[in-house]
Amino acid sequence: MSDHPKLEEWKELASKQMKGKPVDTLDWMTPEGIKVKPLYTAEDLENLDSNTLPGMAPYMRGPMATMYAGRPWTIRQYAGFSTAKESNAFYHKALAAGQKGLSVAFDLATHRGYDSDHPRVSGDIGKAGVAIDSVEDMKILFDGIPLDKMSVSMTMNGAVIPILAGYIVAAEEQGVSHAQLSGTIQNDILKEYLTRNTYIYPPTPSMRIISDIMSFCSKNMPRYNTISISGYHMMEAGANSVLQTAFTLADGVEYVKAALKSGMDVDAFAPRLSFFFGIGMNFFMDIAMLRAARFLWHRLMSQFDPTNPKSSMLRTHCQTSGWSLTQQDPYNNIIRTTLEAMTAVLGGTQSLHTNSFDEAIGLPTDFSARIARNTQIVIQEESQVCQVIDPLGGSYYVESLTNSIIEEAQKIIDEIEELGGMAKAIESGMPKMRIEESAARKQARIDQGLDVIVGVNKYKLADEKIDFDVREVPSSVRDEQVARLKEIKATRDSGVVEKALADLTAAAQNGGNLLEAALPAVRARATVGEISDAMESVFGRFVATTRCISGVYSSEFSGNDDIIQALKKRTAIFMEKQGRRPRLLVSKMGQDGHDRGFKVVASAYADLGFDVDISPMFQTPEEAAKMAIENDVHVVGASSLAAGHKSLIPSLIEELGKIGGGDIIVVAGGVIPPGDYDFLFEAGVKAVFGPGTPITDSADRTMTLLEEKYL
C-alpha cells in the first residue's frame with residue numbers, strides 16, 4: 001500500500017505552520033521508549049492484524065462479545081479502615097449508593113500476619129485498612145451482607161491462608177456453602193517481592209500456598225477467582241506501561257507453571273485467573289496497554305495447550321492511580337481520577353475502583369469516597385460509552401500503540417524466560433531494578449518541570465489551604481482489637497485450637513493442602529497471627545535485601561543540572577570541613593511496604609553527594625534509632641505513607657534521645673496531612689516534606705539544617 005496521497009502535502013502545510021521546522025520535531029518518545037508521531041494514518045495499520053472482534057481470540061477488543069453493551073463493568077470501591085464494624089457500615093452505605101461488589105482493604109498488620117496486640121504493629125492497626133484478627137472480626141465485617149449473592153474481592157497476599165479461610169468460615173456461619181461464594185482473592189505473592197513487600201514467607205513456600213488455594217477452590221469454590229495477578233503495585237512503584245504489562249503477564253505464566261507442576265489440569269484453574277492493572281495519566285498508552293495485555297496473554301497461554309477458550313482469556317480489574325494524586329490543589333485529583341477511569345473503561349476493564357481525591361493526604365472520607373464512586377456511575381449512566389463495544393478499535397493511533405506495547409513487552413517477557421522464568425528473574429533483581437530506574441527517571445523529570453503536574457510544578461496556587469476534613473483513625477482502634485482478642489482467647493477451647501494449629505504445622509512440614517488444614521483452626525477461633533505463626537515455624541519469615549540505584553536521577557538533569565551541581569558543591573564543602581560526607585539514614589518504619597518514595601529519595605540523595613543508608617523494611621522506631629546510632633548518621637529521614645506518622649516518628653525521636661542520639665536531625669516525608677505538621681514539629685521533627693516536594697527542594701532544606709548545625 002502506498003503512502004496516503006496527501007501525506008506530503010500535509011507535511012508541507014504543517015511545516016509552514018511551524019515556521020519551517022520539520023514535522024518530525026513533534027515526535028515524542030514515551031517513557032516506555034515508544035516513538036509517538038503527531039499524525040497516524042491507515043498506512044500505520046498496514047501490517048497489523050486489527051480485524052479481530054470482541055469476544056473472539058486473541059481478545060484484543062475485549063474478552064466478551066457484547067462487552068458493556070451487554071453488561072457494564074462492575075463498580076467496586078476498595079475500602080476498609082479502622083474496625084470491622086465501621087467498615088461494615090461503610091459497605092452498607094456504598095452498596096445502597098450503587099456499588100455492585102465489595103473490595104476489602106486490610107490493615108498492614110493483617111497483611112503481614114500479625115495480631116493487633118503484637119508489639120511490632122502498634123502504629124499500624126486500622127490505619128490503611130480494616131483490622132482482622134479472627135473469624136469473629138470477619139463475621140462483623142460482612143454482617144447483613146449475603147455472601148451467597150455478593151461478589152467479594154479481597155486484596156490479600158501474605159496472610160492469604162487465614163484471611164481466605166476466615167471468609168469461608170464466616171460464610172459457613174451465614175449458612176452459605178463454599179460453592180455459592182463468588183469474588184476474587186488477590187493471592188499474588190510474586191509482586192510482593194517486587195514492589196508491595198507485604199510478604200511473610202520465602203518465595204518457595206509462598207508459591208506452594210498459591211497452588212494449594214487454586215487446588216482447593218477449583219474443587220470446592222467454582223465461582224471464585226483464585227488469584228488476581230497484579231500490575232497495579234508495579235505501576236505505583238514506578239513501572240511504565242510496558243514494564244507493567246511484561247512483568248504482570250510473566251508473573252501469570254509463573255503461576256500457571258506452578259499449578260501445572262502441582263498436578264492440576266490447565267483448564268481446571270486457568271479460567272478463574274484474573275488480573276489487576278493500574279491506570280495512570282497517559283490516557284491512550286494505558287488504553288493500549290489493556291488491549292495489548294489481552295493479546296499477549298492469549299499468545300502466552302497457547303504454550304500450555306488449553307481446550308477451554310476461557311483459559312486464554314484475560315479478564316481484569318483496574319484501579320486509578322494513587323501515586324498520581326497530589327496534596328497540592330487536591331481537587332484536581334477528581335479530574336485525574338475521571339480521566340484514568342475513562343482510560344480503564346475505553347481499554348475494556350471488567351471491574352473498576354476509582355480513588356478518592358484526598359488520598360494523597362490521608363484515608364478517604366465518606367464524602368470523597370462518594371465522589372469517587374459517583375465518577376464511575378456518571379460515566380456508566382450518563383456518557384453513553386456503554387452503547388458501543390471498544391469504541392477506539394480501529395483508531396490509527398490506538399491500534400499502532402497497542403502493537404508497539406505488544407512488541408516491547410514481548411521482548412522483556414522473552415528476556416525473563418531466558419533467565420528461567422519470573423521467580424528466577426526476581427532472584428536476579430532485574431525486574432525490581434528496572435522499576436526503580438523508571439521511578440527515578442520519572443521523579444527527575446517532574447522535579448525539572450519536564451513532566452507537568454498541575455498545581456505542583458506548574459500553575460501552583462499562591463496560597464495553598466486544605467479546606468476539607470481528613471479522616472484520622474484513633475489509637476483506640478487498637479485497644480478495641482486487643483480487647484476482642486482477649487475475649488476470644490478466654491472463651492474458646494484452647495485444646496481444640498492447639499490441635500488444629502499443630503495439624504496445620506504438620507501439613508506445612510509434611511504436605512497437605514494448607515487452606516484445607518487452616519479451616520479447622522479458624523472454626524476453633526485461632527487468630528490470624530497464630531495461624532501465620534504455625535506456618536512460619538516451618539517456612540520462616542522472609543527478609544529482603546534493600547538496595548538503591550545510583551546515577552539515574554542526576555543523569556536525567558543532563559544539560560539542566562545547575563541545581564544538581566550546586567547541591568553537590570555544598571555536600572563537598574561539608575565533607576571538606578567535617579571530614580566526611582553528610583550521612584542520611586532513610587527509614588521505613590511500620591508495616592507499610594510501599595517503597596517507591598524512600599527508594600527514589602535514597603537514590604537521588606546519593607547522586608547529590610550524601611552518604612545514604614537505607615533501612616530494612618518494617619523497622620520499629622527502636623530499630624531505626626539503633627541503626628542511626630550505629631551508622632553515625634547526621635540525619636534520619638522517616639518515610640510515612642500509612643498514617644502511622646503521629647505514633648512512629650515521635651517514638652523514633654524519643655528512642656534516639658534515650659540512646660545518645662538526641663543531636664541527630666529528624667526529617668519526615670510522605671503522605672502526612674498538613675494539619676499534622678505542627679504536631680510533628682512539636683515532637684522534634686525539623687522539616688516535613690509532603691507529597692509533590694521536589695527532591696532537590698528537600699535536599700536544599702536538609703543541607704541548610706546541616707549547615708546551620710555543623711558549619
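Scroll up a little and you will see the structure.
Residues numbered from 1 in each chain as written. Predicted model: local features only at pLDDT ≥ 70, side-chain atom pairs only at ≥ 80, totals over all residues. Heavy atoms only, no water.

Undergrad: Just to check I follow, could you spell out the overall build of the protein for this structure?
TA: Check the secondary structure of the protein and you find 28 helices and 16 strands. By the compact-globule yardstick of 27 Å for 711 residues, the protein fits well, its C-alpha radius of gyration being 26 Å. Long-range pairs, those at least 24 residues apart, make up 79% of the contacts in the protein with a sequence separation of at least 6. Split by element, the accessible area of the protein, about 27800 Å² in all, is 51% carbon and sulfur. Mean positive and mean negative side-chain charge positions of the protein (71 and 91 charges, respectively) differ by 1 Å. (Helix = DSSP H or I, 4+ residues; strand = E, 2+ residues; numbered from the N terminus. Rg over C-alpha atoms; globule rule 2.2 N^0.38 Å. Contact = heavy atoms within 4.5 Å. Areas by Shrake-Rupley, 256 points an atom, 1.4 Å probe, with all protein chains shown as cover. Lys, Arg positive; Asp, Glu negative; His and termini not counted. Charge placed at Lys NZ, Arg CZ, Asp CG, Glu CD.)

Undergrad: Just to check I follow, could you spell out the side chain of Glu32 for this structure?
TA: Topologically, Glu32 is positioned in the loop between strand E1 (28–29) and strand E2 (35–36). For the buried residue Glu32, which engages in no salt bridge, the nearest side chain bearing the opposite charge is Lys442, 8.8 Å off. For Glu32, the side chain forms a polar contact with the side chain of Thr30, separated by 2.9 Å. In terms of polar contacts, Glu32 uses its side chain to reach the backbone amide nitrogen of Ser241, at 3.0 Å. Those residues in contact with Glu32 that sit more than four places away from it in its chain are Asn240, Ser241, Val242 and Met285. (Buried < 20%, exposed > 50% of the residue type's maximum accessible area, 1.4 Å probe, protein only. Salt bridge = Lys/Arg side-chain N within 4 Å of Asp/Glu carboxyl O. Polar contact = N/O pair within 3.5 Å; in protein donor to acceptor, adjacent residues only side chain to side chain.)

Undergrad: I'm lost on the nonpolar core in this one. Help?
TA: As a rule of thumb, nonpolar side chains are buried together in soluble globular proteins. Among the nonpolar cores identified, the biggest contains 106 residues, and Trp73, Met214, Phe247, Tyr255, Phe269 and Trp297 are the most heavily contacted of them. Residues in contact with Tyr255, not counting those within four places in the same chain, are Asp188, Ile189, Leu190, Lys191, Met207, Ile210, Met214, Ile227 and Ile229. (Core = buried A, V, L, I, M, F, W, Y, C linked by side-chain atoms within 4.5 Å.)

Undergrad: Just to check I follow, could you spell out the environment of Pro650 for this structure?
TA: Structurally, the position occupied by Pro650 is in helix H26 (residues 645–658). A relative accessible area of 19% places Pro650 in the buried class. Measuring from C-alpha to C-alpha, the distance between Pro650 and Val685 comes to 8.2 Å, with 35 residues separating the pair along the chain. When sequence neighbours within four positions are dropped, the list of residues in contact with Pro650 reads His645, Phe679, Leu680 and Ala683.

Undergrad: What am I meant to see in the sheet that holds strand E12 (residues 583–588) here?
TA: Paired through their backbone hydrogen bonds, the strands of a sheet run either parallel or antiparallel. One open sheet holds the 5 strands; their spatial order is E13-E12-E14-E15-E16, and the pairing between them is parallel. The sheet terminates laterally at strand E13 (611–614) and strand E16 (687–689), the two strands that pair on one side only. Taken over all neighbouring pairs, the strand axes of this sheet differ in orientation by 20 degrees on average, direction set aside. Running at roughly 165 degrees to E12, helix H25 (residues 621–630) makes contact with E12, E13 and strand E14 (635–640) of the sheet. (Pairing = 2+ DSSP bridges. Axes fitted to C-alpha atoms, helices over the stretch in contact; angles between N-to-C directions.)

Undergrad: Sorry if this is basic, but what is going on with the packing of helix H6 (residues 160–172) against helix H20 (residues 514–523) here?
TA: Between two packed helices, the angle of one axis relative to the other and the distance separating the axes together describe the packing. Running from N to C, H6 and H20 cross one another at 60 degrees; their axes reach a closest spacing of 9 Å. Put simply, H6 runs oblique to H20. The two elements H6 and H20 cross, and the hand of that crossing is right-handed. Here Ile161, Pro162, Leu164, Ala165, Gly166, Ile168, Val169 and Glu172 of H6 come into contact with H20, specifically with Leu514, Leu515, Ala518, Leu519, Val522 and Arg523. Taken together, the residues of the contact of H6 with H20 sort by class into 11 nonpolar, 1 polar and 2 charged. (Parallel < 35°, antiparallel > 145°, perpendicular 65-115°, else oblique. Left-handed = near helix turned anticlockwise from the far one by under 90°. Nonpolar A, V, L, I, M, F, W, Y, C, P; charged D, E, K, R; others polar.)

Undergrad: I'm lost on unusual backbone geometry in this one. Help?
TA: Most peptide bonds take the trans form, and the phi angle of most residues other than glycine is negative. Across the junction of Ala57 and Pro58, the peptide omega takes the value 10 degrees, indicating a cis bond. Relative to the elements of secondary structure, Pro58 occurs in the loop between E2 and helix H2 (67–70). Positive phi outside glycine occurs at Met67, with the angle close to 45 degrees. Examined against the element boundaries, Met67 turns out to sit in helix H2. Judged by relative accessible area, which is 8%, Met67 ranks as buried. The phi angle at Asp632 is positive, at roughly 55 degrees, despite the residue not being glycine. With respect to the helices and strands, Asp632 occurs in the loop between H25 and E14.

Undergrad: Could you clarify how one ought to interpret a nonpolar patch on the surface in this entry?
TA: Nonpolar side chains collect at one region of the surface, where Met281, Ile335 and Leu339 lie side by side and expose about 270 Å² of accessible area between them. Considering the arrangement of structural elements, one finds Met281 in the loop between strand E9 (273–279) and helix H12 (283–301). (Patch = residues over 30% accessible without salt bridge, like charges linked within 9 Å, V, L, I, M, F, W, Y side chains within 5 Å.)

Undergrad: Would you take a moment to explain the side chain of Ser603 for this structure?
TA: Looking at the secondary structure, you find Ser603 in helix H24 (residues 596–607). Not counting chain neighbours up to four residues away, the residues in contact with Ser603 comprise Cys548 and Ile549.

Undergrad: How should helix H28 (residues 695–710) be read in this particular structure?
TA: Residues lying three or four places apart along an α-helix face the same way, a consequence of the helix completing one turn every 3.6 residues. With 16 residues, H28 ought to run about 22 Å at 1.5 Å a step, and its terminal C-alpha atoms sit 22 Å apart, in line with that. Where H28 is concerned, the buried positions are Ile695, Thr696, Ser698, Ala699, Thr702, Met703, Leu705 and Leu706. (Expected span 1.5 Å × (residues − 1).)

Undergrad: Please explain the pattern of salt bridges as it appears in this structure.
TA: Any two side chains of opposite charge can pair, so long as their charged atoms come close to each other. In this structure the tally under the stated criterion is 38 salt bridges. Among the ionic pairs, Asp451 bridges to Arg445, the shortest N-O distance being 3.0 Å. A salt bridge links Glu536 to Arg541; the nearest nitrogen and oxygen atoms lie 3.3 Å apart. On the basis of relative accessibility, which here comes to 23%, the residue Glu536 falls in the partly exposed class.

Undergrad: Looking at this structure, I do not really get the state of the cysteines. What am I missing?
TA: Overall, the coordinates contain 0 disulfides when judged by the stated rule. Cysteine Cys386 remains unbridged, with the sulfur of Cys318 as its closest cysteine sulfur at 15 Å. (Disulfide = S-S within 2.5 Å.)

Undergrad: It is not clear to me how the packing of helix H10 (residues 241–261) against helix H15 (residues 396–418) should be interpreted in this structure. Could you clarify?
TA: H15 packs onto H10 with a crossing angle of 45 degrees between their chain directions and a minimal axis gap of 9 Å. Looking at the two axes, H10 sits oblique to H15. Considering the relative orientation of H10 and H15, their crossing is right-handed. Contacts from Val242, Leu243, Thr245, Ala246, Phe247, Leu249, Ala250, Val253 and Lys257 of H10 reach H15 at Ile405, Glu408, Ala409, Ile412, Ile413, Ile416 and Glu417. Residues that form the contact of H10 with H15 fall into these classes: 12 nonpolar, 1 polar and 3 charged.

Undergrad: For this particular structure, what's the right way to read the pairing of strand E15 (residues 665–670)?
TA: The two faces of the sheet receive side chains in turn, since in a regular strand these alternate between them. In terms of residue burial, E15 counts as a mostly covered element, since 5 of its 6 residues are buried. Note that E14 and E15 share 6 bridges and pair parallel. Looking across to E15, one finds that Ser639 is bridged to Gly669. One ladder, built from 3 bridges, connects E15 with E16; its direction is parallel. Among the inter-strand pairings, Gly669 is bridged to a residue of E16, identified as Phe689. For the crossover from E15 across helix H27 (residues 677–683) to E16, the handedness is right-handed. (Right-handed = clockwise from strand over helix to strand, strands pointing away.)

Undergrad: I keep staring at H26 and nothing clicks. Help me out?
TA: Given a rise of 1.5 Å per residue, 14 residues ought to cover 20 Å, and the 20 Å separating the end C-alpha atoms of H26 matches this to within 8%. Buried residues in H26 make contact with H25, E14, E15 and H27. Positive backbone phi, approximately 90 degrees, marks Gly660, located one or two places after H26.

Undergrad: Any chance you could explain the packing of aromatic side chains here in plain terms?
TA: The description of an aromatic ring pair rests on the distance of the ring centres and on the angle between the ring planes. Taken as a whole and assessed by the stated rule, the structure comprises 20 aromatic pairs. A centroid spacing of 5.2 Å and a plane angle of 35 degrees characterise the contact between Tyr40 and Tyr397, whose relative ring orientation is tilted. Taken together, the residues span a long stretch of sequence, with Tyr40 in the loop between E2 and H2 and Tyr397 in helix H15 at a distance of 357 residues. With respect to burial, Tyr40 and Tyr397 carry one shared label: buried. (Phe/Tyr/Trp six-rings, centres within 6.5 Å; stacked < 30°, edge-to-face > 60°.)

Undergrad: What exactly am I supposed to notice about the pairing of E14 here?
TA: The element E14 is largely enclosed, with a buried count of 6 among its 6 residues. Burial of E14 is two-sided: the residues Val635, Gly637 and Ser639 facing one way and the residues Val636, Ala638 and Ser640 facing the other way are all buried.

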